[in-house]
Amino acid sequence: MKAVAIKTFGGPEGLSVVELPEPEPGSGQVRIAVEAIGVGGVDVLIRSGSLSAFGFREGLVPGSEVAGTVVAVGPDTDPAWIGQRVWAFTGLGGGYAEQAIAAVEDVVPLPPGLSPAGSVTLGSSGVVAHFGLAQAHFRRGESVLVRGAAGSIGILTVRLAAQGGASAVAVTTSSAERGELLRTVGATHVLDRSGAGAGPAAYDVIIDVVAGPELPSFLGRLRPNGRLVAVGALAGPPPADLGTALMANFRKSLTFATFSADTVPPADRRTVRVAQFAAAAAGQLPMVIHDQLPLDDAVVAHQKMDAGEVLGRIVLVP
């Protein structure tokens, strides 16, 4: 089968199309004939080598989110899965391929009206958006700032905050075009990347997809008892003196937290995904596809990601 592997860490040119044997599902697993692959920010970090300290090695087939049709099951796995249209989480690798393996607990049937491409804009990002707001203890009537809102996590966070009754939903983004799209999904104020622009003076909740060296400056935008939750790190980790910035705001009783969907029990992730897929099929959640590219063009997809020009999600199609 055709796949894309990380031949060398670094830029997008380190990705290469390779031929691999079809993978065999183990106990409790299924094999999926892939029709759509979501390209995520974590794929970029893995490809760059930024996460090599966590055990990622050259030669890895990246990709964690696919959709297609189940074509085989492993031992002790219900054969009724065969033929079902599904979305699946493949872990932190194995997705950039014509065939992918996933554990049954990470596989969700697609409802009628939800395309494979649409599902990979939502399956992972929607869970992060939902539980990220929960981690921030967001409540109706509170103000929210979504930092780095033009990706799929940010777009869905904006929509969920608006649907949850936020008094204001501000976003940081890089262009007026992106700002206009974000307004259509629920943003009330559009700021530039630094947070400059017309908007509330302070926020109850900040959901940060970016992190990086500028994160501490956003702590000053929190109201007393405000909460900032980092759900991504597209710009890398925050500086080492983040604690100093928190202590400088000691009298405001601020909270900083990180959030990873890895800490959510699989059954809870599944419940949210099922509900969100149904909502998306009914037109209640946005599925913003920036571009659909052939699997062979994974390098182009990552070049677009590195350039910061992606609005929503890029989908690879085998």
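A quick note: this is a predicted structure, and the numbers were derived from the prediction, not measured.

1. Digging into the packing of helix 3 (residues 123-135) against helix 8 (residues 266-281)
No. 1: Helix 8 packs onto helix 3 with a crossing angle of 110° between their chain directions and a minimal axis gap of 9 Å. When the axis of helix 3 is compared with that of helix 8, the two are roughly perpendicular. Where helix 3 approaches helix 8, its residues Gly123, Ser124, Gly126, Val127, His130 and Phe131 are matched on the opposing element by Asp268, Arg269, Val272, Arg273, Gln276 and Phe277.
No. 2: Of the residues belonging to the contact of helix 3 with helix 8, the class tally is four nonpolar, five polar and three charged.

2. A closer look at the sheet that holds strand 11 (residues 203-208)
Where strands meet in a sheet, backbone hydrogen bonds hold them as pairs that are either parallel or antiparallel.
No. 1: Spatially, six strands are ordered 10-9-8-11-12-13 in an open sheet, and the strand pairing comes out parallel. Only two strands of the sheet have a single partner each, and these edge strands are strand 10 (189-191) and strand 13 (255-258). The mean angle between the axes of side-by-side strands here comes to 15°, regardless of whether they run parallel or antiparallel.

3. Considerations on helix 4 (residues 152-163)
No. 1: Here helix 4 is twelve residues long and its end C-alpha atoms lie 16 Å apart, about the 16 Å a rise of 1.5 Å per residue gives.
No. 2: Within helix 4 the residues assigned to the buried category are Ser152, Ile153, Gly154, Ile155, Leu156, Thr157, Val158, Arg159, Leu160 and Ala161.
No. 3: A positive backbone phi angle near 90° is found at glycine 165, which sits one or two residues after helix 4.

4. Brief notes about the packing of aromatic side chains
Aromatic ring pairs are described here by two measures, namely the spacing of the ring centres and the angle between the planes.
No. 1: Considering all chains together, one arrives at one aromatic pair under this definition.
No. 2: Ring centres of tryptophan 87 and phenylalanine 277 lie 6.1 Å apart, and the angle between their planes is 70°; on these two criteria the pair is classed as edge-to-face. Remark: phenylalanine 277 occurs in helix 8 and tryptophan 87 occurs in strand 5 (residues 85-89); sequence separation between them is 190 residues. Comparing tryptophan 87 with phenylalanine 277, the two get one shared label, buried.
No. 3: We note arginine 221 situated over the ring of phenylalanine 218; from NZ or CZ to the ring centre the distance is 5.4 Å.

5. Looking at helix 5 (residues 176-185)
No. 1: Those residues of helix 5 that sit buried are Arg178, Gly179, Leu182 and Val185. All buried residues of helix 5 fall inside an arc of 115° around its axis, so they share one side. Along helix 5, the residues that are exposed and aim more than 90 degrees away from the buried face are Ala176, Glu177 and Thr184.
No. 2: Along its buried surface, helix 5 packs onto helix 4, strand 9 (168-172) and strand 10.
No. 3: Of the residues one or two after helix 5, glycine 186 is the one with positive phi, at around 135°.

6. A look at the nonpolar core
When a protein is soluble and globular, its nonpolar side chains tend to lie buried together.
No. 1: Counting 47 residues, the largest nonpolar core has Val158, Leu182, Val231 and Phe259 as the members making the most contacts within it.
No. 2: Mapped by element, the contributors of at least two residues to this core are helix 3, strand 8 (143-147), helix 4, strand 9, helix 5, strand 11 and helix 8.
No. 3: A per-element tally of this core places helix 4 first, with six residues.
No. 4: The contacts of phenylalanine 259, once residues within four sequence positions are left out, are Val128, Phe131, Gly132, Gln135, Val229, Ala230, Val231 and Val264.

Criteria and thresholds
Residues numbered from 1 in each chain as written. Predicted model: local features only at pLDDT ≥ 70, side-chain atom pairs only at ≥ 80, totals over all residues. Heavy atoms only, no water. Axes fitted to C-alpha atoms, helices over the stretch in contact; angles between N-to-C directions. Helix = DSSP H or I, 4+ residues; strand = E, 2+ residues; numbered from the N terminus. Parallel < 35°, antiparallel > 145°, perpendicular 65-115°, else oblique. Contact = heavy atoms within 4.5 Å. Nonpolar A, V, L, I, M, F, W, Y, C, P; charged D, E, K, R; others polar. Pairing = 2+ DSSP bridges. Expected span 1.5 Å × (residues − 1). Buried < 20%, exposed > 50% of the residue type's maximum accessible area, 1.4 Å probe, protein only. Phe/Tyr/Trp six-rings, centres within 6.5 Å; stacked < 30°, edge-to-face > 60°. Lys NZ or Arg CZ within 6 Å of the ring centre and 35° of its normal. Arc of directions from axis to C-beta. Core = buried A, V, L, I, M, F, W, Y, C linked by side-chain atoms within 4.5 Å.

Any link to function would need more than the numbers given here.
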